[in-house]
Amino acid sequence: MSIVFDENKRVFKLDTEKSSYAFHITDSRNLLHLYYGGYIPETDITHMLRIPNDEPFVPAVHDAMGPHSFDCAPIEFPTSGVADFREPAMQVMDINGMSACECYYKDYRISNGKPKLKGLPATYAADDEAQTLEVFCYDPHSGLDITLMYSVFPKFDVITRSVKVENNGLAAIDLRRIISMSLDLDRMDYDMITLHGTWARERHVQRFPVRFGKQSIDSNRGATSHAHNNFFALCDHTATEDFGEAYGFALVYSGSFLGMVEVGQYEKTRALLGINPYDFSWHLEPGEDFQAPEVIMTYSGEGLGQMSRNFHDVMRNNLIRGKWKDMRRPILINNWEATYFNFDTDKLLDIAREAKKAGIEMLVMDDGWFGHRNDDRSSLGDWFVNEDKIKGGLKHLVDEVNKIGLKFGIWFEPEMISPDSKLYAEHQDWCIHIPGRHRTTVRSQLVLDFSRKEVRDYIYEQMKAILSSANIEYVKWDMNRNFSDIYSPYLPAAKQGETAHRYVLGLYHIMDELTTRFPEILFEGCSSGGNRFDLGILSYFPQIWASDNTDALCRTGIQNSYSYGYPLSVFTAHVSSCPNHQTLRITPLETRFQVASFGVLGYECNLKDLSGSDLNAIREQIAFYKKWRDVFQFGSFYRGAENEASDSETLTE
Ligand code: DGJ
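Residues numbered from 1 in each chain as written. Predicted model: local features only at pLDDT ≥ 70, side-chain atom pairs only at ≥ 80, totals over all residues. Heavy atoms only, no water.

**Student:** Would you mind going over the state of the cysteines with me for this structure?
**Tutor:** In a disulfide, the sulfur atoms of two cysteines are covalently bonded to one another. The full count for this structure, using the stated rule, is 0 disulfides. Cys-137 supplies the cysteine sulfur nearest to Cys-103, a cysteine that is in no disulfide, at a spacing of 3.8 Å. On the accessibility criterion, Cys-103 (9% relative accessible area) is buried. (Disulfide = S-S within 2.5 Å. Buried < 20%, exposed > 50% of the residue type's maximum accessible area, 1.4 Å probe, protein only.)

**Student:** I'm lost on the sheet that holds strand 30 (residues 571-576) in this one. Help?
**Tutor:** Working definition: the strands of a sheet are paired by backbone hydrogen bonds and lie parallel or antiparallel to each other. The strand order 22-23-24-27-28-29-30-31 describes a closed barrel built from 8 strands, whose pairing is parallel. Going across the sheet, the axis of each strand differs from the next one's by a mean of 30°, ignoring polarity. Across 2 bridges, the pairing between strand 28 (residues 522-525) and strand 29 (residues 543-545) is parallel. Counterpart to Gly-525 in the pairing with strand 29 is Ile-544. Sitting on the sheet, helix 10 (residues 589-596) touches strand 30 and strand 31 (600-604), and the angle it makes with strand 30 is about 170°. (Pairing = 2+ DSSP bridges. Helix = DSSP H or I, 4+ residues; strand = E, 2+ residues; numbered from the N terminus. Axes fitted to C-alpha atoms, helices over the stretch in contact; angles between N-to-C directions. Contact = heavy atoms within 4.5 Å.)

**Student:** Is there a simple way to explain helix 10 in this structure?
**Tutor:** The periodicity of an α-helix, 3.6 residues per turn, causes residues three or four places apart in sequence to face the same way. Every buried residue of helix 10 is accounted for by Leu-589, Arg-592, Phe-593, Val-595 and Ala-596. Along helix 10, the residues classed as buried sweep out an arc of 165° about the axis, all on the same side. The inward-facing, buried residues of helix 10 contact helix 9 (552-562), strand 30, strand 31 and helix 11 (612-634). (Arc of directions from axis to C-beta.)

**Student:** Hey, could you run me through the packing of aromatic side chains in this one?
**Tutor:** Each aromatic ring pair is specified by the distance between its two centres and by the angle formed by the two planes. Per the counting criterion, the structure on display carries 42 aromatic pairs. Both rings, one in Tyr-21 and one in Phe-23, keep their centres 6.2 Å apart while their planes meet at 80°; by these two values the pair is edge-to-face. In this pair, the class of Tyr-21 matches that of Phe-23, namely buried. Ring centres of Phe-231 and Phe-311 lie 5.8 Å apart, and the angle between their planes is 75°; on these two criteria the pair is classed as edge-to-face. With a gap of 80 residues between them, Phe-231 in strand 15 (residues 228-236) and Phe-311 in helix 1 (residues 303-318) connect regions that are remote in the sequence. Residues Phe-231 and Phe-311 agree in their burial class; the two are buried. Grouped by ring-pair contacts, the aromatic residues Phe-5, Phe-12, Tyr-21, Phe-23, Tyr-36, Tyr-105, Tyr-108, Tyr-150, Tyr-190, Tyr-247 and Tyr-299 constitute a single cluster. Above the plane of the ring of Tyr-638 lies Arg-309, whose end atom (NZ or CZ) is 3.6 Å from the centre. Seen from the ring of Tyr-490, Arg-452 lies directly overhead, with NZ or CZ sitting 3.6 Å from the centre. (Phe/Tyr/Trp six-rings, centres within 6.5 Å; stacked < 30°, edge-to-face > 60°. Lys NZ or Arg CZ within 6 Å of the ring centre and 35° of its normal.)

Encoded structure:
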């Protein structure tokens, strides 16, 4: 049993092979956190509650709480307005303008396996792989029921958390904030590790000691963002790859998020991760509920390397799904950097012939095959083959590529619409926009309102038609802008705070529909590289293009940083031409290959431009990669010890 409830001590204890997590029901029915760390056998641990009770200035909510004053107690799920002055996980607004709410224990259920989360991707488990604890709580004033859900994956030292709120009161209420996970730790001597970046410089490890006050990472861009990944870690100041305690947290979500660490006045640390409360609200009529996304947590007593491997294992085994989950990923050649928009059937077939000779297994036709798109200023939304370029049509091209002996893949950017498109001429109201205001474009494009069923259905039908028209075995799903002017004219004013999250739910819906309809296709996520590199996308697509920067030296840092939270099988890396298109750096072919093979290998250059000796070298490299592909793509990854000094930006006190 990985979950036990000690009825005498009223302690819930969740055990993995090497970690334990515990919390306690007080006499006042509050849930107080007891412990998260290395495995401990006993449940009689209420003495671990170390709550200052002689502080003159801390409010107690009621007498039964005894000395457990809210502002210094380790609260399992902190709510707003009831005398815990730290960052809350939940806040509401009721029809009387009241924002306070509480979270009292009512009941619990333990089950084998793991239930699905309504409308959201999450980890999954067979009955013998995980156990789930649901703790049913309530707010007596509003009639809200709050379910805290914990699933324990003993083998991987992983616990997942999420929360659901149900309005069982008599009046409507707005959720103003609902953060999936809050964890109160008893110390403050931690380092925080985050993965920041920007376009073409995704994922730099930043490590710094946490301080009194709040330190946060977030996105309010509608997507996870290049700027911060929705992963962070807390570890001992002395933790290395192999030694020390480390906690890792990752959100299974693809929209705006908040990750925060707050050190309060009593030198305790609170960690929170969930949907960004900025501009968020969710209206709940009586009888309605809201499901918050899942957080994956892991504890390692053996340093940061083991923390990463715990994430890698649970993602590969219990998050990524479908036919491609454990299958060797094909070595592809993508025409983007070889041709950009300037290609046609003949050029693509030339690339395919050279690629076949080198041992490459798939040709991917990138952006520019549809509508009248010859640059990035038009045609998104018009998913009709441009037969001026693709002479003879798509099926002819795919058949010819197959005859050469390669699989065929294709690029889409399904969530976008160009103002210069047939679709926009017909449906100017289908994009996210604020009526009467200027529509902000990025890369000359607007975002389709995927919260609307008819918009999603239209795009689904267009994609289905293309994907059914030829033997297409791979799709690169791109997304090249963040969200601005977030407003959906089809929602009432009181629900506008729901737009961004409704978009993400709509996105998951169409991803689910397409991957279900085309289970054989290998889907790859992309968002100008790693702008939406997260576990939400990886629940549907088993791999993501890590960065538009293909420079080998830059990629060593980018890929190494991704590895803190993500296994090598999920990030794709291409050998590109020299000098590099992003940095103009000249790097030996051997280096480019060695770096790209630490990921899912591909090529992105015109092989026809290369010398005979380079082509020979590529042939040998590919043969080598094929021999070791299982290890590169699915092996256990140990970062080198030098990594600590070379790749991270370490800020000290
Ligand atoms: C951004 C992607 O990251 C690139 O690889 C390429 O597909 C372009 N979009 C195409 O517009």
